Amino acid sequence: KNEVEQSPQNLTAQEGEFITINCSYSVGISALHWLQQHPGGGIVSLFMLSSGKKKHGRLIATINIQEKHSSLHITASHPRDSAVYICAVSSGSARQLTFGSGTQLTVLP
Amino acid sequence: NAGVTQTPKFQVLKTGQSMTLQCAQDMNHNSMYWYRQDPGMGLRLIYYSASEGTTDKGEVPNGYNVSRLNKREFSLRLESAAPSQTSVYFCASRSTIATNEKLFFGSGTQLSVL
């Protein structure tokens with residue numbers, strides 16, 4: 001079973017700060033997902049990565065397959081970025097999705 | 001295009017009562033999942049379905065049953081609810097195109113068992 005560790009568990013930042021959330025996993029994967037869960041509870045997919053780097057607006061996600069590590073960066077953070085960010089890894093089969101316990105991000109105005 | 005539709009949003013049950021959580025997706029996905037989310041823990045897989053007509057147990061299947069009657073719908077049934085089943089439940093589907101795998105979630109069901 002893949003073990004997925006996220007750090008930090010909680011993060012408080014001031015508006016405008018650069019934010020990094022980390023995800024490490026123990027077994028080789030076919031894809032890694034970054035998800036966002038807002039206070040209302042809904043979960044949305046931000047990125048799927050199998051290698052390299054992806055960027056969408058102020059969000060950047062990177063993955064290092066050799067080191068089994070991924071990072072999610074938020075540039076120029078804003079209070080509306082406040083949410084739980086969840087890392088999930090996939091082994092490619094229908095069953096194997098393993099989730100981290102999430103990082104609670106609070107961005108203060 | 002509604003994505004993943006999950007009902008109900010909230011439910012309160014008494015111990016021993018039964019209920020079914022409904023989930024439907026309109027994206028023609030083969031893979032569908034039921035998860036529960038408890039405070040301080042990651043999403044845990046209850047059951048999954050790799051394709052129409054097939055279901056398999058996940059990490060925490062005890063006390064639950066599922067049905068995948070067609071490609072769109074995947075329901076979760078609690079036959080005799082217990083307080084330990086108080087949780088937030090999410091249905092999800094996954095597109096499995098290799099270059100564009102993506103997860104889609106329902107809006108969640110907050111279930112309280114008294």
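First, a word on what this report is: a plain description of the structure on this page. (Residues numbered from 1 in each chain as written. Chains lettered and ligands numbered in written order. Predicted model: local features only at pLDDT ≥ 70, side-chain atom pairs only at ≥ 80, totals over all residues. Heavy atoms only, no water.)

## Section: the sheet that holds strand 3 (residues 19-25) of chain B
Residues and elements named next belong to chain B. Read across the sheet, four strands follow the order 1-3-8-7 without closing on themselves; strand pairing throughout is antiparallel. Taken across any chain shown, the strands that pair with only one partner, and hence form the sheet edges, are strand 1 (4-7) and strand 7 (64-67). Each strand axis lies, on average, 15 degrees off the axis of its neighbour in the sheet, ignoring direction. Direction of pairing for strand 1 relative to strand 3: antiparallel, over a ladder of four bridges. Looking at strand 3, one finds that Val-4 is bridged to Gln-25. (Pairing = 2+ DSSP bridges. Helix = DSSP H or I, 4+ residues; strand = E, 2+ residues; numbered from the N terminus. Axes fitted to C-alpha atoms, helices over the stretch in contact; angles between N-to-C directions.)

## Description of the pattern of salt bridges
Residues and elements named next belong to chain B. For the structure shown, the criterion picks out four salt bridges over all chains. The residue Arg-36 makes a salt bridge to Asp-38 at a minimum N-O spacing of 2.9 Å. What makes Asp-38 buried here is its relative accessible area of 11%. In this structure, the salt-bridge partner of Arg-77 is Glu-79, at a minimum N-O distance of 3.2 Å. The exposure class assigned to Arg-77 is partly exposed, which follows from its relative accessible area of 28%. Of the residues examined, Glu-79 reaches a relative accessible area of 44% and is grouped as partly exposed. Through salt bridges that share partners, Arg-36, Asp-38 and Arg-44 make up one connected network. (Salt bridge = Lys/Arg side-chain N within 4 Å of Asp/Glu carboxyl O. Buried < 20%, exposed > 50% of the residue type's maximum accessible area, 1.4 Å probe, protein only.)

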